[in-house]
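Commentary on secondary and tertiary structure
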Amino acid sequence: MTHPFLDLPPLSAAHFAAIEDRVARLMDTRQDVVIMQGEALLPLEGAIRATAGPGTTALNVITGPYGQTFGNWLRDCGATVIDLAVPFHTAVTAAQVRAAFAEHPEIDFVSLVHAEAATGNTNPVAEIGEAVREQGALFCLDAVASVGAEPVLPDAWGVDLCVIGAQKAMGGPAGVSAVSVSERAWARMAANPNAPRRSYLSLLDWKERWLDGGRKVLPHAPAQLEMLALEACLARIEADGPETVMARHRTAALATRAGAVALGGGLEPYVYEEADAAPVATTLRVPPGIVASELVAGALAGDATLPLAAGGGALAGEMIRVNHYGADATADAVRASLAAVGAELAKRGLTVDPEGARRAVERVDGVTGA
């Protein structure tokens, strides 16, 4: 049989390099960009294992579950890890980062998640980057959830390793990801005897076999369909304009917060301050006596296409997440999600105002024009 996804001509090295260049333009970076052939955990773990080791003292900022994962990788590498944890309903500040540096002047590595889609917060990377530059530490940033929903600017922010994925705000595939790498980061890897080599995790293999050769010969067969899907979502963002795409996500986030408050029923934003709330996804705290995972299951039973999820792990009992990213960064998706949640709250005897929620969403959408 024939199928449009089958029997495609091989992806050339020049085509692969051109897609990397489009990623670099999206991130406004002059650093090397490598597209990794796997979900974003691949370059995230690869970057940490390449640059951290027994001589590293790392400040690991924890504002959600991914920050906890990074700390585990750093410890596994033999690094000394200083965790800076803040409540998941808020964001870390540059002042807190500077205080950690003052207490531990030996810190030479910082890991941070830009936006935690799992908890709905976002961190002020520009201000934190300034503090990291003052310290002279290497800066590793997870921008997987934030790219496409808010600016991601590794050069301007002094980020040495910036990992992105396309599956959230970019509206693209999950099977490929990318990392921008500064000269300082390459030097740290080259000096690290424990950096992965001859390994799927190895960034140095990509440098030596791909970048240093002028991107003429691919080191292995690329994930053809995922690369073409990445190219397509980059083209869509370029056609709409990154600012337009980001504005849609900001509008969806503001509309969700306003609509949830107007809905009532004890529902409230999980992230207290609007400035700390991520535009990629909004988390909501359910009222006492209500189990978030059961509420979400009921809503999805009525419409499985809604961008709703319960919080992960221990948060499954108290948190609902509205994943208004990519194709769901629309007022329609927000309205439908809040209406379904409101209906489930009403079934449980809580007083809700679905019409008030609808009007609140429309007001935000009308003001922002997205």
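Residues numbered from 1 in each chain as written. Predicted model: local features only at pLDDT ≥ 70, side-chain atom pairs only at ≥ 80, totals over all residues. Heavy atoms only, no water.

**So, the sheet that holds strand β3 (residues 80-85)**
Judged by pairing direction, the sheet is mixed, and its seven strands sit side by side in the order β1-β9-β8-β7-β4-β2-β3 without closing on themselves. Strands with a single pairing partner mark the edges of an open sheet, and in this sheet they are β1 (32-36) and β3. Neighbour-to-neighbour, the strand axes of the sheet open up by a mean angle of 15°, direction not taken into account. Its contacts with the sheet put helix α5 (residues 125-135) on β4 (109-113) and β7 (138-142), and the angle it makes with β7 is roughly 160°. (Pairing = 2+ DSSP bridges. Helix = DSSP H or I, 4+ residues; strand = E, 2+ residues; numbered from the N terminus. Axes fitted to C-alpha atoms, helices over the stretch in contact; angles between N-to-C directions. Contact = heavy atoms within 4.5 Å.)

**Focus on the packing of helix α11 (residues 292-302) against helix α12 (residues 331-347)**
Across the interface, α11 lies against α12 with an axial gap of 9 Å and an inter-helix angle of 115°. Here α11 runs over α12; the crossing is right-handed. Contacts between α11 and α12 pair Leu295, Gly298 and Ala299 from the former with Ala340, Val341, Glu344 and Leu345 from the latter. The residue inventory of the contact of α11 with α12, partitioned by class, reads five nonpolar, one polar and one charged. (Left-handed = near helix turned anticlockwise from the far one by under 90°. Nonpolar A, V, L, I, M, F, W, Y, C, P; charged D, E, K, R; others polar.)

**Quick look at the environment of Leu345**
Here Leu345 shows up in helix α12. Along the chain, Leu345 and Gly266 lie 79 residues apart, while their C-alpha atoms are 9.1 Å from each other. Not counting the four nearest positions on each side in its chain, Leu345 is found in contact with Leu263, Gly264, Gly265, Leu267, Pro287, Leu295, Leu350 and Val352.

**A look at helix α8 (residues 203-211)**
Residues separated by three or four positions in an α-helix point in the same direction, a consequence of the helix having 3.6 residues per turn. Taken residue by residue, α8 has Leu203, Leu204, Asp205, Trp206, Trp210 and Leu211 as its buried positions. Its side-chain oxygen at 3.4 Å from the backbone nitrogen of Leu204, Ser202 defines the N-terminal cap of α8. (Buried < 20%, exposed > 50% of the residue type's maximum accessible area, 1.4 Å probe, protein only. Polar contact = N/O pair within 3.5 Å; in protein donor to acceptor, adjacent residues only side chain to side chain.)

**So, the sheet that holds strand β11 (residues 282-285)**
One open sheet accounts for four strands, arranged β10-β11-β13-β12; its pairing is antiparallel. In this open sheet, the two edge strands, each paired with only one partner strand, are β10 (268-269) and β12 (308-310). Summarising the sheet, β10 and β11 pair through two bridges and their orientation is antiparallel. Among the inter-strand pairings, Glu268 is bridged to a residue of β11, identified as Arg285. Most of the contacts of helix α10 (residues 242-263) go to β11, to which it runs at about 15°, and overall it touches β10, β11 and β13 (319-322). Taken strand by strand, α11 contacts β12 and β13, and its axis lies near 155° from that of β12.

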